[in-house]
Amino acid sequence: MPSLEYSPATFKPILERLITNPKTFTPDEARLAFHHLGQDNFSGATPVQVGAFLMALKYSNKAECREIIAIAAEVMRLYTAKIEVQGDKGGQVPFVVDIAGTGGDEWDTFNVSTAAAIVAAGAGAKVCKHGSSATASKSGSSELLSALGCQPLAPTPSVIPSSLPFTFLHAAATQPSISRLESVRDSLPFRTIFNVLGPLLNPTNPRGMVLGVYRKELGPVFAHALKESSKVERALVVCGEEGLDEISIAGSTRVWELNGVDGSVTESTIHPALFGIEARPLETVVGSTPDVNAKILMHLLSCGKEPLPTSDELPPSFSIGAVRDYVVINAAALLKVGGMATDWKDGVRLARESIDGGKALHVLTMFRTWGQNQAA
């Protein structure tokens, strides 16, 4: 639709209905509202209107409504960059997977989803990870990859080559319409719906996904949002019992498994023991700054050839063995979703082989070289 159809004047009655009578706020009105927010330079809604809308969503409990989240993802995806994943020589399009979390768990653990994505790619998965800079933690995916010498903020590619097992797409570059709202969001004293939308907006349209949420109440919400607003065929929505938006190394994790073929969502509970791994306290996998986390990851992927940070740089209860296991179980889940692993333990085997055989490190090197060439 032409942007002229969306203006502050046409947004005003939509905002008024949400504020005065949120219970009757319809899906069509929500869809119109997010189209207004997607316009360039606040031409669809003024910064004041955007702030009022986000606050009204928050305090009417609509920001965590599965239908509203699905609609928001569906609309905002129309305003994301268009990226093609190249097929193989026979034209076969790969089964792309992603692993991401909503953030907000405040545990500040090591960058496990980024590390797990690299390890899974080394084991044969086609990973197009969609991530961003840190919000609640010290080190986000973008900061970690920058510290590793990669180019996460390089211009967004229009085509991802078939030969590249791991790619990272910086959310701010792929979602300019949402990035434009950052000044408004930063001025608000609460997390908004856009804080949790990121995992649903990967422009490569992954067919498999591990998506972490920081509250168990959001598990079924996101499982159904994935079903209603994306092309995902297999997904695990996970929430560690500690309120962790990853599969926990410390104990139980709630799982909502989406079968995109028949649309069913099955809830279960998993534990490190199902992976054949001993549980470890979360304090042993707390992360640090991007530079320190980068050194930890290089030590892990090089099988100890690269040195660990000094004890002064590492968190007090840090354990490299626990971090390795933490990365391995999350990579195993992604490999299961991607169809490479038959079960959790098979995923662990493949993840360990990826690390020990140097394949994960090779994948990271490939991405770093490709990104540098893109930025040149």
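Please refer to the structure higher up on the page.
As the structure is a computational prediction, the values presented were derived from the model and not from experiment.

1. Quick notes on the packing of aromatic side chains
Then, in step 1: Scanning the entire structure with this criterion turns up seven aromatic pairs.
Then, in step 2: Note on Phe-34 and Phe-53: the rings are 5.5 Å apart at their centroids and 80° apart in plane angle, and the pair reads as edge-to-face. Of this pair, Phe-34 sits in helix α2 (residues 27–37) while Phe-53 sits in helix α3 (residues 47–59); the two residues are 19 residues apart in sequence, bridging distant segments of the chain.
Then, in step 3: Using a relative accessible area of 0% as the deciding quantity, one classes Phe-34 as buried.
Then, in step 4: For Phe-53, a relative accessible area of 1% corresponds to the buried category.

2. Some thoughts on the state of the cysteines
Then, in step 1: Inspection of the entire model under this criterion finds zero disulfides.
Then, in step 2: No disulfide involves Cys-128; its sulfur sits 15 Å from that of Cys-150, the nearest cysteine.
Then, in step 3: The exposure class of Cys-128 is buried, given its relative accessible area of 0%.
Then, in step 4: Here Cys-303 stays unpaired: no disulfide links it, and the sulfur of Cys-150, its closest cysteine neighbor, is 18 Å away.
Then, in step 5: Exposure remark for Cys-303: the relative accessible area of 43% places this residue in the partly exposed category.

3. Here's the deal with the sheet that holds strand β9 (residues 264–270)
Then, in step 1: Taken together, the seven strands give an open sheet; going across it, the order is β5-β3-β2-β6-β7-β8-β9, and neighbouring strands pair in mixed fashion. This sheet does not close on itself; its edge strands, each paired only once, are β5 (166–170) and β9. Pairs of neighbouring strands in the sheet enclose a mean axial angle of 20°, with direction left out of account.
Then, in step 2: Direction of pairing for strand β8 (residues 253–259) relative to β9: antiparallel, over a ladder of seven bridges.

4. A closer look at the environment of Val-286
Then, in step 1: In this structure, Val-286 sits in the loop between β9 and α12 (290–301).
Then, in step 2: Assessed through its relative accessible area of 21%, Val-286 is described here as partly exposed.
Then, in step 3: Along the backbone, Val-286 and Leu-314 are 28 residues apart, and their C-alpha atoms lie at a distance of 9.0 Å.
Then, in step 4: Contact partners of Val-286, with chain neighbours within four places excluded, come to Trp-107, Asp-108, Thr-109, Phe-110, Pro-315 and Phe-318.

5. A look at the nonpolar core
Then, in step 1: With 66 residues, the main nonpolar core has Val-127, Leu-148, Phe-166, Phe-275, Leu-297 and Val-327 as its most contacted residues.
Then, in step 2: For Leu-297, the residues in contact, after removing those within four places along its chain, are Phe-110, Ala-115, Ile-118, Leu-144 and Leu-148.
Then, in step 3: With 52 residues, the next largest nonpolar core counts Met-76, Leu-181, Tyr-214 and Ala-223 among its residues.

6. Remarks on the environment of Val-265
Then, in step 1: On the secondary structure map, Val-265 appears in strand β9.
Then, in step 2: As a C-alpha pair, Val-265 and Ala-332 span 67 residues in sequence and 20 Å in three-dimensional space.
Then, in step 3: Residues in contact with Val-265, not counting those within four places in the same chain, are Ala-223, His-224, Trp-256, Glu-257 and Leu-258.

7. Some thoughts on the side chain of Ser-302
Then, in step 1: Mapped onto the secondary structure, Ser-302 falls in the loop between α12 and α13 (320–337).
Then, in step 2: Overall, Ser-302 belongs to the buried group, its relative accessible area being 7%.

8. Observations regarding the pairing of strand β6 (residues 208–212)
Then, in step 1: The buried fraction of β6 amounts to five of the five residues, a majority that puts the element mostly inside the structure.
Then, in step 2: Burial along β6 is two-sided: Gly-208, Val-210 and Gly-212 facing one way and Met-209 and Leu-211 facing the other are all buried.
Then, in step 3: The sheet contact formed by strand β2 (residues 96–101) and β6 spans five bridges and is parallel. Opposite Asp-98, over in β6, you have Met-209 as the bridge partner.

Conventions adopted
Residues numbered from 1 in each chain as written. Predicted model: local features only at pLDDT ≥ 70, side-chain atom pairs only at ≥ 80, totals over all residues. Heavy atoms only, no water. Phe/Tyr/Trp six-rings, centres within 6.5 Å; stacked < 30°, edge-to-face > 60°. Helix = DSSP H or I, 4+ residues; strand = E, 2+ residues; numbered from the N terminus. Buried < 20%, exposed > 50% of the residue type's maximum accessible area, 1.4 Å probe, protein only. Disulfide = S-S within 2.5 Å. Pairing = 2+ DSSP bridges. Axes fitted to C-alpha atoms, helices over the stretch in contact; angles between N-to-C directions. Contact = heavy atoms within 4.5 Å. Core = buried A, V, L, I, M, F, W, Y, C linked by side-chain atoms within 4.5 Å.

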